Structure formats: structure tokens, C-alpha cells
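Each chain, letter by letter, is given below.
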Amino acid sequence: MSSRRSRSRQSGNSRITDDQINDLVSKLQQLLPEIRDRRSDKVSAAKVLQETCNYIRSLHREVDDLSERLSELLATTDTNSAQAAIIRSLLM
């Protein structure tokens, strides 16, 4: 019986509170350009989470696009050129 209580207390201590969730949602809201730039402060947590997912997906697409462009640039650049040296220095 006491082990059940201690497990309950431990899980109770590790649970996130509503205030913590609200604080985290608010922090996410500040990071999202789509929501941050709006005039209204009233955005549901579900909307913030959905926009967070959308924003992360768009960042992944942007990274993929930039990686592809970099690969194309490197493929057309002489490896011993000054331009190639600049690109290598930026990647490090």
C-alpha cells in the first residue's frame, strides 16, 4: 500500500501543472511569427500547437531547400577556388 502511495506521489510531482502548460504555450506563441505578429493575444493552445507543427514543417522544408541549393552550388564550383574555400569556411 505504501509503495502505491509513493508511486502516486512521485508521478504527482512529475506531472506538469496547468500554469506550466499555459506558460509553455505562451512561450511558443512568442516564437511563432504567424501568431506573434497578430494583434489579438487570445489564441487557443490548440491553435498555438498546430501553428508550431506547421512552423517546424516549414523550417524542415527550408533546410532541405537550402541543402539542395548548397549541393548544387558545390557541384558547380571548382573545389580549389576561392568561392569553394568561402563555402567550406561557412560550413565549419
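Residues numbered from 1 in each chain as written. Predicted model: local features only at pLDDT ≥ 70, side-chain atom pairs only at ≥ 80, totals over all residues. Heavy atoms only, no water.

The name that an unreviewed UniProt entry assigns to the protein is BHLH domain-containing protein, with the source organism given as Nelumbo nucifera.

(A) Molecular detail of the overall build of the protein. Looking only at helices and strands, one finds five helices and zero strands in the protein. Starting at the N terminus, the α and β elements of the protein follow one another as α-α-α-α-α. Sequence separation of 24 or more characterises 6% of the internal contacts of the protein that already satisfy a separation of 6 or more. Surface accessibility of the protein: about 8,000 Å² in total, with carbon and sulfur atoms responsible for 52%. (Helix = DSSP H or I, 4+ residues; strand = E, 2+ residues; numbered from the N terminus. Contact = heavy atoms within 4.5 Å. Areas by Shrake-Rupley, 256 points an atom, 1.4 Å probe, with all protein chains shown as cover.)

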